[in-house]
Each structure stands twice: as C-alpha cells, then as structure tokens.
Number of protein chains: 2
Amino acid sequence: MNIGEIAKRAGVSRSTVSYALSGKRPVSAATAQRINDVIDELGYRPNASARALAEGRTRTFGLVIPPASTRLTDVQLAFVASVVEAAAVHDHDVLLSPSGGDHDRSFERIVTGRRVDGVILMEILLQDPRVERLTSAGLPFVTIGHVEDPAASWWVDVDYAGLISRCVRHLADLGHSDVVLINRSDELVAAGYGPALRATTAFAGTARECGITAHTVCCPDDPAAGVACFEEIRTRWPEVTAAVTINEAALPGVQRALHRAGLDVPQDFSLTGVIADRLAEDFHPPLTAADVPAGDMARLAVDLLLEQIGDPSATPRHSMLAPPITLRSSTGARRRA
Amino acid sequence: MNIGEIAKRAGVSRSTVSYALSGKRPVSAATAQRINDVIDELGYRPNASARALAEGRTRTFGLVIPPASTRLTDVQLAFVASVVEAAAVHDHDVLLSPSGGDHDRSFERIVTGRRVDGVILMEILLQDPRVERLTSAGLPFVTIGHVEDPAASWWVDVDYAGLISRCVRHLADLGHSDVVLINRSDELVAAGYGPALRATTAFAGTARECGITAHTVCCPDDPAAGVACFEEIRTRWPEVTAAVTINEAALPGVQRALHRAGLDVPQDFSLTGVIADRLAEDFHPPLTAADVPAGDMARLAVDLLLEQIGDPSATPRHSMLAPPITLRSSTGARRRA
DNA sequence: TTGTAGGCGTTATCAC
DNA sequence: GTGATAACGCCTACAA
C-alpha cells in the first residue's frame, strides 16, 4: 500500500496526503481528519526508501564499531546502546558497521551508498584511514576520540590526560612514591590510539612534577592478561604501591592477582583510574575512579552529528568531557610511609 | 553522481551500465571494460535508496536488541557483533532497534517503513507482542529463543532443558544430593522468558528423577545480586553443595560470595551451568559448563532469515543448538558424602 | 485550500 | 549486444 492508495480512499490527491503528513502546507481540518482516518484504518506508513530517495536524506546514522575480534568491552557496548537510544530520540535509526579485518566492503557500502546521513566513528586512531575516507567522501561524521589536528573535525572525547593527572596527584598526596600505569594493549598504543598515548604522557609528566617514580605497562584487554600484567609489575618493581589504569577489561584479572599476592586494597595497594562507574562499583572494594560517561558521549555525538548534517559547512565543534573522579574505597595512604 | 553520468561518459545507455554491474544480461567485453574504467575513475557506487525502491528489497536486516535499561550481558554483546559479521558476509547491513521502554516508534519505523527485508529478534518471550506485530506485518523474522508453538515460526535456540538436565545428572553422579538453580530475574520469569522457564522445569524434573533435592532462586542480572543471592542460598539451605546457573551477569558476585564464605571450589562447593566459554574460562577455577555459542547462533539466524526472505511461504525451520558441556575444574565429588 | 506533474536513481521490460 | 522507457513511492515546486 502506498500514498496513492490513501489518497484515493480519502478522495484527495497524493500531494495532499503528503502535506497532511509532513505539515509543510496547511490542510483543512476536514480533509486532514479524513486522511488520518484512512491512514489509521490501513496502518499506512511511508516507504523509507522512497522518502530517502526523494528527500536526499535517510534519517539514518552509521555507527562504526571496533572489530569484533577484539572483544567489545562493557563501555563500548553501553556506548552502542546509548547511541541507538539517542538517535531514536530524534527519530533516526542506526546502521551498524564493523571495521577492521575484511569488513571494508561494509564500510564502503555505508560511506558511498548514501545509506546514511552521517557517521559516528568509535575507537579512533590519531591517524585514521577511515577519517580520511569519510572526509574525501564528504560525509558528515563525528569521532569518539580526536585525531591529530583537533580543529579539523567534529569529535567527542574524554580528557584522559587531565583525569590521569588528577589520579597521580591523588596518589602522590596519599604518600605513594612508586606508581604504575596499566595501559591498554601494545598494539593499540603502536597503532596510535589517542587515549592510551595521552594517558602515558600525562602519567609520566605528572609523576615527574610530583617527584615520584612512574612505570608504565601495556596490557591486552582481557582478564588473563590482567593477572599476568600485575604479576610482572610485582616482579619488576616490588616497591610499587599504587596503580592507575584505563584498562577496564583487565580489571578482573588485576583483582585476582591482588588477591593471589595476598595484597589488601587499599591497605597494601591503591588502585584508581578511568573506569566505568558500573565496573568501579562492582570492584572489591569499590574503586576511586573517573567514570567513562558513555551515555553523555553518545548524546553529544548525536547532537554534533545532527548539527553538522544541518550545516555541513559549519566550522567543526567538539566536546571534551572531564567527568569527576569519584572517591570510593580503593585508594589509601601508603603503608609505612 | 549517478548511473546516468557513468553511462554518458562511457558512451552507453543507463541500462547497459546497470546490467554491467549486476551481470543479469551479457555485456560485450569492450563496453564492460569502458564502463568499469569510468566507474573506477569516478568512484561510483549505486545509491542504496534508489536501488531498494526499484528492487523492493533493502539488503538490510533489523536487529531488535533487549532494552538498554537491563544492561546487555557479554553474550548479548557478542551476539550483536556476530550478527553484523554474519550479515556482512552476505553483503547485508544491520539496523539496530532498541525495544521495550518507549522505543515503540523505533520498532514501528523498522517494521512498517520497509526499511529492512527481515528482522532478528533477541530475547524473545513465550508470548511476545513483537512477534505478533511482525507476523501481522508479514515481515520475515527469526527469533532467538522460541515462542509457545515451536512450529509456528523460524527460530534458533539453545537446548537449555537438555543442558540443565545434563548438569544436574553430572552433579548427582558426583554424589551431590542438595542442589540449587540460580536462575535469571523474577521479572524475566514472570514475563515468560523461555530459557528461564525451561531451565526451571528441567532442573526440577531431572533432580526428581535422580532422587536429589532441588531448590530454585531467581537473581537479577548483576554482580551485587549474585552476592545477595548466594548468601540467601547459604542461609536458607545450608545443606546445598552445588549450584547450576544460567545467569552469567551474576557470576562475579557468586564468585565473591563463595570466597567470602570461605568455600573452596570444587572442594567445598560445585558450580556449573550454561555460561559463555570466555566467562567460564575467566572464572576461578574455570567452570565446567556449556557454552552459549553466540557466533553459531548469529550465523544460523542470518541463514534462516535469508532462506525465509527467499521464500516467504516456506514452512518455518529452526535450529536447536545443544553445545557440549566442557569439563573444567569447578565440579567435584561431594565432600563427606 | 487543493491538484498536477516532474524528479530523485535504479531496475527491468520491451523493442531493436 | 544495446537503447528507450516505464515502474518503484515519495516530495515539492508550480498552478489553479
């Protein structure tokens, strides 16, 4: 069933039905009523493809997710769900696209097939081929994380540098003089993953300012790696009494390794970092940490994307989020300072 | 740029370009070459909306995910990623739709706007309004989990009843005479969530057959609930020496409660159930459990959906998966039998 | 306030 | 082997 059918049954022209639906032209109350009755009776809804073709817009966003090979973390998941939710608020749908691996066809379909009005790109690298592809395709996009030139594009990010700095200062204030950063994987760092790089720099810099000793280790995104990583820390730097981390997926392993080593938190060892609230609260004891506000980021990303779609020539805008660090029970004074 | 532009530059008609791309009509090698050169030079890709309108199919699936309010579990997450991957293999895209809450508009858009060729429905209830909606809309769909009448629709499911039975027998064989089922939440059970119901029935039935005592508790999907739930079990039935669970999200809490109660696994307490391999292996000690094969289910669901789209009047088919129970280290003989 | 008609970019049916 | 041309279903000037 199509708009013509509705028009026929309501005894009006197709354009009148169209205008009655869009409200872009006044329609008399009587006709509007008649049209709506027919629509309700037949359960008519406009064909999205036809509308997209005529309007030149699809009311759909593309969401490029990290490769499924590297298991999606809890935050990433929450982010996907939040984007869908935020898009739904504006009556938009979300088309998912895996990236990396051999999924270039999927990405290309989305970028070049005019299937979407804009794209949200997760887990961006400082130099990212997908960003260049989108730029050259002239498709509006917002990245989660920013590229090398912050003014060049639209993005939403978390101020990892600032948050990590504050974590380090917090630990220094508590008397810790030997701390370690449990970063994300070597591969991500090597690939130029911004948050990991900024965390590293801020960590070392702030430690220097505070006059304390800092070590950094990279750790793959899984619990087993967390165990191995923590054991390596104990072996290499037994004097370390506190850790800062941005690696959520490794946390359960760190928890287990702490327990196995007979270390009490925060009595013997302090732990903090940038960790989603849910995970921080599930930790034992609850972690002093900065939240990764997936919901806020998703809403902001969608807002920025809509703004950009509305005016593609606007100068890029962005949001750097600095969530508060919530004090819980995982950090304490260094023992026998 | 459109197909006409390509045609003009290649000196042929639009239809020839179309046929050169689809291969549905022979095209001379020379013209094909010329057309391809122009296409490569201009980076042309057909407009997806126009194609969908003309062909009457969108090459897109809808994936209806559980409400975001109840946090997505690890398996659900893996499943989403796997569906996208499986769809990509067939050059299809995936449109996400949240369900529940106030997301009916989103669901309706997808169902009735002809935005997708078919739908995959996660976390189905025994009586599910969305199933009826899709049926009445005449849109092909595959459910994960099955509805009351198994022959009525297309589905993929895990044989929870069979797996739970085998878990119970395994525990009985080990000498356990008092066991408990840690089910999913009260709400899900009340809503008629199939796996939870079938697990309950199979658990009680098999325990009766084996002549052992069985208790069942419902537990919300989160670690804190897992702690509370296990403590309740210890209080109400201190004689219980083994548990079967299908609640992955509660596992970390169960782990913590076991530890807090000073119970060694499997020395003092045995634990098994239906748990994704990754989680089972991350447990301490690794869990004897049946995997939830998210990847297989996703691929099967996509295959079934494509089959149904190809022949909408075909009689419904389905797949009941019975993954093996992998013996690891979390089950042992009952102490002091 | 309403109707007519052309166009959005493809696919597919005819005809040559 | 190739070209016109009519759908596909909607939106939106332009007319009345």
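Residues numbered from 1 in each chain as written. Chains lettered and ligands numbered in written order. Predicted model: local features only at pLDDT ≥ 70, side-chain atom pairs only at ≥ 80, totals over all residues. Heavy atoms only, no water.

Colleague: When you look at the overall build of chain A in this model, what are you seeing that I'm missing?
Modeller: Each helix and strand in chain A was counted, giving 14 helices and 12 strands. Relative to the globule expectation of 20 Å for 337 residues, the C-alpha radius of gyration of chain A, 25 Å, shows a markedly less compact shape. When the backbone C-alpha atoms are referred to their principal axes, chain A occupies close to 90 × 35 × 35 Å. Taking the intrachain contacts of chain A between residues at least 6 apart in sequence as the baseline, contacts between residues at least 24 apart amount to 71%. Carbon and sulfur atoms make up 51% of the accessible area of chain A, which amounts to about 14300 Å² in all. (Helix = DSSP H or I, 4+ residues; strand = E, 2+ residues; numbered from the N terminus. Rg over C-alpha atoms; globule rule 2.2 N^0.38 Å. Contact = heavy atoms within 4.5 Å. Areas by Shrake-Rupley, 256 points an atom, 1.4 Å probe, with all protein chains shown as cover.)

Colleague: Sorry, what's going on with the sheet that holds strand β7 (residues 213-218) of chain B here?
Modeller: Residues and elements named next belong to chain B. Taken together, the six strands give an open sheet; going across it, the order is β7-β6-β8-β9-β10-β12, and neighbouring strands pair in mixed fashion. Edge positions in the sheet fall to β7 and β12 (325-326), since each has one partner strand and no second. Alignment of strand β10 (residues 288-290) against β12, held across two bridges, turns out to be antiparallel. For Ala289, the partnering residue across the bridge sits in β12 and is Thr326. (Pairing = 2+ DSSP bridges.)

Colleague: Even after reading the chapter, I still don't get the protein's contact with DNA strand C, so can you show me in this structure?
Modeller: Within the structure, DNA strand C sits among 28 residues, and Thr16(A), Arg25(A), Ile3(B), Tyr19(B) and Tyr44(B) are positioned closest to it. Among the atoms of DNA strand C lying within 4 Å of the protein, the sugar-phosphate backbone contributes 51%. Within the contact set of DNA strand C, a phosphate oxygen lies 2.8 Å away from a backbone nitrogen or oxygen of Ser13(A). At 2.9 Å, a side-chain N or O of Thr31(A) approaches a phosphate oxygen of DNA strand C. (Near = heavy atom within 4 Å. Polar contact = N/O pair within 3.5 Å; in protein donor to acceptor, adjacent residues only side chain to side chain.)

Colleague: How should I be thinking about the nonpolar core in this particular structure?
Modeller: For soluble globular proteins, the rule of thumb is that nonpolar side chains tend to be buried together. By size, the foremost hydrophobic cluster in this structure holds 93 residues, and its most contacted members are Leu63(A), Phe79(A), Leu63(B) and Phe79(B). Sequence-distant contacts of Phe79(B), defined by excluding residues within four places in its chain, comprise Leu63(B), Ile120(B), Met122(B), Ile144(B), Ala294(B), Met297(B) and Ala298(B). Within the second largest apolar cluster, 28 residues are counted, among which are Phe107(A), Leu121(A), Leu139(A) and Val147(B). (Core = buried A, V, L, I, M, F, W, Y, C linked by side-chain atoms within 4.5 Å. Buried < 20%, exposed > 50% of the residue type's maximum accessible area, 1.4 Å probe, protein only.)

Colleague: Would you explain the UniProt feature "domain: HTH cro/C1-type" (unreviewed entry) in chain A in this entry?
Modeller: UniProt's entry tags residues 5-45 of chain A with the feature "domain: HTH cro/C1-type" (unreviewed entry), counted in the numbering of this structure. Counting secondary structure, residues 5-45 of chain A comes out at 71% helix and 0% strand; the distance between its end C-alpha atoms is 12 Å. (UniProt positions renumbered as here; feature names shortened; annotations may be inferred.)

Colleague: I'm lost on the UniProt feature "domain: HTH lacI-type" (unreviewed entry) in chain A in this one. Help?
Modeller: In the numbering adopted here, UniProt assigns the feature "domain: HTH lacI-type" (unreviewed entry) to residues 1-55 of chain A. Taken end to end, residues 1-55 of chain A is 71% helix and 0% strand, and its two terminal C-alpha atoms sit 20 Å from one another.

Colleague: Would you explain the protein's contact with DNA strand D in this entry?
Modeller: Residues in contact with DNA strand D amount to 28 residues; listed here are only the nearest, Ile3(A), Tyr44(A), Thr16(B), Arg25(B) and Ser28(B). In this structure, a phosphate oxygen belonging to DNA strand D sits 3.3 Å away from a side-chain N or O atom of Lys24(A). Between DNA strand D and Thr16(B), the relevant distance is 2.7 Å, taken from a phosphate oxygen to a side-chain nitrogen or oxygen of the residue. Only α2 (14-22) and α4 (48-55) of chain A together with α2 (14-22) and α4 (48-55) of chain B provide two or more residues apiece to the surface near DNA strand D.

Colleague: I tried to follow the relation of the copies chain B and chain A on my own but got confused; where do I start?
Modeller: Here the two chain copies are tied together by a rotation about an axis and a shift along that axis. When chain B is fitted to chain A, the residual RMSD is 0.1 Å, and the transformation amounts to a turn of 180° plus an axial shift of 0.0 Å. Expressed as an axis order, the relation between the two copies is that of a two-fold axis. The residues that chain B uses at the interface reappear at the interface of chain A in 100% of cases, marking a shared surface. (Least-squares fit on C-alpha atoms with pLDDT ≥ 70 in both.)

Colleague: What exactly am I supposed to notice about unusual backbone geometry here?
Modeller: Among all residues save glycine, negative phi is the norm, and among peptide bonds the norm is trans. Between Val265(A) and Pro266(A) the backbone carries a cis peptide bond, its omega angle lying at 5°. Here Pro266(A) shows up in the loop between α12 (251-260) and β9 (270-274). Cis geometry marks the peptide bond from His284(A) to Pro285(A); its omega dihedral reads 0°. Note that Pro285(A) resides in the loop between α13 (277-282) and β10 (288-290). The backbone of Arg59(B) shows a phi angle near 55°, a positive value even though the residue is not glycine. Considering the arrangement of structural elements, one finds Arg59(B) in the loop between α4 and β1 (60-65). Arg59(B) gets classed as partly exposed once you look at its relative accessible area, which sits at 26%. Of note in this structure, Glu123(B) is not a glycine but carries a positive phi near 50°.

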